Amino acid sequence: LMLIGDAKIIDGDTIHIDQNKIRLHGIDAPEINQKCFYDNKSWKCGKESAFALNKIINNNKIKCTIKGIDKYERYIGICFFKKRNINKMMVRLGWAIAYRYYSLDYVNEELLAKSKKLGIWKGKFEEPYHFRKKNR
């Protein structure tokens, strides 16, 4: 299954194309209300992550290859702008981590972002899935 269209950004790893909710496969981004820390100050890394995804997509039509459906009835997809893998870019730029529980696809990109202290790697953060668990 392939979904093509304009993306509405929900957060750093979730978009909508029309009525279809798509969770980006293999990545985990900070929640929209999540804060990270840098120089002992908190900053809105969840909003920044969503903003980064918005900048990558930049109002272009995207294509998502659907790999499955999650327990929240969302499609799980790998999305592309032209030939560029958006999931991979989010991890490479440090705005999402490799979601190792589901996939090892983006571990190398994560290691690269971490070594360059990009995005959320510039400081400290709670892994998004721990943050979600605590704030359910």
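Our subject is the structure listed above.
Not measured: the values here are computed from a predicted model. (Residues numbered from 1 in each chain as written. Predicted model: local features only at pLDDT ≥ 70, side-chain atom pairs only at ≥ 80, totals over all residues. Heavy atoms only, no water.)

### Remarks on unusual backbone geometry
Here is step 1 of the chain: The phi dihedral of Lys82 falls on the positive side, at around 55°, and the residue is not glycine.
Here is step 2 of the chain: Residue class for Lys82 comes out exposed when judged on its relative accessible area of 71%.
Here is step 3 of the chain: One non-glycine residue, Lys117, adopts positive backbone phi at about 55°.
Here is step 4 of the chain: Note on placement: Lys117 falls in the loop between α3 (107–115) and α4 (128–134).
Here is step 5 of the chain: With relative accessibility at 56%, the residue Lys117 sits in the exposed group. (Buried < 20%, exposed > 50% of the residue type's maximum accessible area, 1.4 Å probe, protein only. Helix = DSSP H or I, 4+ residues; strand = E, 2+ residues; numbered from the N terminus.)

### A closer look at the state of the cysteines
Here is step 1 of the chain: Using the criterion set out here, one finds two disulfides in the structure.
Here is step 2 of the chain: Residue pairing for Cys36: its cysteine sulfur links by disulfide to Cys45, the two sulfurs lying 2.1 Å apart. In this structure the cystine formed by Cys36 and Cys45 twists about its S-S bond by roughly 70°; its chirality is therefore right-handed.
Here is step 3 of the chain: Residue classification places Cys36 among the buried residues on the basis of a relative accessible area of 1%.
Here is step 4 of the chain: Here the bonded cysteines of the protein chain are numbered in sequence order, and their pairing is 1-2, 3-4. (Disulfide = S-S within 2.5 Å.)

### What to know about the pairing of strand β8 (residues 75–81)
Here is step 1 of the chain: Counting buried positions over the seven residues of β8 gives five, a clear majority of the element.
Here is step 2 of the chain: Examined bridge by bridge, strand β3 (residues 20–24) and β8 share three bridges and lie parallel to one another. Following the sheet pairing, Leu24 is matched in β8 by Gly77.
Here is step 3 of the chain: Judged from the six bridges that link them, strand β7 (residues 61–69) and β8 form a sheet pairing that is antiparallel. By the bridge assignment for β8, Cys64 is matched with Cys79.
Here is step 4 of the chain: Counted between consecutive antiparallel strands, the loop separating β7 from β8 contains five residues, among which Glu73 sits at a positive phi close to 65°.
Here is step 5 of the chain: Relative to strand β9 (residues 84–85), β8 runs antiparallel, the two sharing two bridges. Across the sheet, the residue bridging to Phe80 is Asn85, located in β9. (Pairing = 2+ DSSP bridges.)

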